[in-house]
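Structural description and commentary
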Amino acid sequence: SRVAQGLTASTAFAVMAKNEKAAEAAPPIAIIAEELGYFPVTNRAGETAYVPARVRRKSSDQAIALAQHLKSIGAVMYGAYWCPHCSHQKELFGAEAWSLIPYVECSTKGFYYDAGKVNKVITKIDGFPTWNIPSNKEQWVSGEMPLERFVALSGYKESFDVKIEGPEVGITAGSCQ
């Protein structure tokens, strides 16, 4: 070692530092957040909460109409900011339609977390996303679902063309526990 060859520890460190490559800068938080699907935000009290990434897909007119119907019957999605199935479910609706859907954040670190809303229904949630879809009766359904399943579960009466939503929309990918 260099120290054993008569160099002091501080001199050895200086020699090693000189030979090291400069550290690369970390990617911007926007890039990291895009990969994770959520953004960390620190409030004035120094507490960190997480905001889900924005929905990027544009909604079809029929997805918007379906979202309006789901809202009108009182459907609610229960999810978690960190859940990839929740993020994908939102993308299936698209930005405009998703903005109409009532959502309850269930993770205590989530920016929109509301303990009162979560505690009322915690026994009915067995994974994320979980949907409460009242139609003729109250239904609790867990897992990511294609939009046509919402049509069937909610009693939606308008026409719904699966082909308009694209090939990815029909995929059901599961849920997070």
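Residues numbered from 1 in each chain as written. Predicted model: local features only at pLDDT ≥ 70, side-chain atom pairs only at ≥ 80, totals over all residues. Heavy atoms only, no water.

With that settled, consider the overall build of the protein. Scanning the protein from terminus to terminus reveals eight helices and six strands. The buried share of the protein, reckoned over its 177 residues, is 38%. Carbon and sulfur atoms form 55% of the exposed surface of the protein, whose accessible area is close to 10800 Å². (Helix = DSSP H or I, 4+ residues; strand = E, 2+ residues; numbered from the N terminus. Buried < 20%, exposed > 50% of the residue type's maximum accessible area, 1.4 Å probe, protein only. Areas by Shrake-Rupley, 256 points an atom, 1.4 Å probe, with all protein chains shown as cover.)

Once that is clear, we can look at helix α4 (residues 84-93). With seven of 10 residues buried, α4 lies mostly within the body of the structure. Taken as a whole, α4 has its buried residues at His-85, Cys-86, Gln-89, Lys-90, Glu-91, Leu-92 and Phe-93. The first or second residue beyond α4 is Gly-94, which carries a positive phi of 90 degrees.

Let's shift gears to the sheet that holds strand β6 (residues 140-142). In spatial order, the strands read β4-β3-β5-β6; together these four strands make up an open sheet with mixed pairing. Because the sheet does not close on itself, it has two edges, and the strands there are β4 (103-105) and β6. Ignoring which end each strand starts from, the neighbouring axes of this sheet average 20 degrees apart. Note that strand β3 (residues 76-79) and β4 share three bridges and pair parallel. Along β4, the bridge assignment pairs Met-77 with Tyr-103. Lying on the sheet, α4 is in contact with β3, β4 and β5 (130-132); it crosses β3 at an angle near 150 degrees. (Pairing = 2+ DSSP bridges. Axes fitted to C-alpha atoms, helices over the stretch in contact; angles between N-to-C directions. Contact = heavy atoms within 4.5 Å.)

One pass over the full model with this rule turns up one salt bridge. Between Arg-57 and Glu-165 there is a salt bridge, with its nearest N and O atoms 3.3 Å apart. With Arg-57 in the loop between β2 (48-52) and α3 (61-73) and Glu-165 in helix α8 (residues 162-165), the pair connects residues that are 108 residues apart, well separated along the chain. According to the relative accessible area criterion, Arg-57 is partly exposed, its value standing at 24%. Given the relative accessible area of 4%, Glu-165 is considered buried. (Salt bridge = Lys/Arg side-chain N within 4 Å of Asp/Glu carboxyl O.)

Below, the discussion takes up the state of the cysteines. Counted by the stated rule, this structure contains zero disulfides. Summary of cysteine pairing: Cys-106 is not part of a disulfide, and the nearest cysteine sulfur, belonging to Cys-86, is at 8.1 Å. For Cys-106, a relative accessible area of 12% puts it in the buried group. (Disulfide = S-S within 2.5 Å.)

Tallied over the full model, the rule gives 11 aromatic pairs. With 4.8 Å between their ring centres and 85 degrees between their planes, Tyr-38 and Tyr-81 make a pair best called edge-to-face. In this pair, Tyr-38 sits in strand β1 (residues 38-42) while Tyr-81 sits in the loop between β3 and α4, placing the two residues 43 residues apart along the sequence. You can call Tyr-81 buried: its relative accessible area is 8%. Each member of the aromatic cluster is reached from another via a ring pair, and the members are Phe-93, Trp-98, Tyr-103, Trp-131 and Phe-150. Here Lys-90 stacks its cationic end above the ring of Tyr-103, 4.6 Å away from the centre of that ring. (Phe/Tyr/Trp six-rings, centres within 6.5 Å; stacked < 30°, edge-to-face > 60°. Lys NZ or Arg CZ within 6 Å of the ring centre and 35° of its normal.)

Let us look at the side chain of Gln-139. The topology assignment puts Gln-139 in the loop between β5 and β6. Side-chain polar atoms of Gln-139 contact the backbone oxygen of Leu-153, separated by 2.8 Å. Among residues more than four places away in sequence, those in contact with Gln-139 are Trp-131, Asn-132, Ile-133 and Leu-153. (Polar contact = N/O pair within 3.5 Å; in protein donor to acceptor, adjacent residues only side chain to side chain.)

Nonpolar side chains in soluble globular proteins tend to be buried together. Judged by nonpolar contacts, the single largest core of 35 residues is most densely connected at Leu-66, Phe-93, Trp-98, Phe-128, Trp-131, Leu-147 and Phe-150. Only α3, β3, α4, α5 (95-98), β4, α6 (115-121) and α7 (147-154) provide two or more residues apiece to this core. (Core = buried A, V, L, I, M, F, W, Y, C linked by side-chain atoms within 4.5 Å.)

Don't take any of this as a statement about function, it's just geometry.
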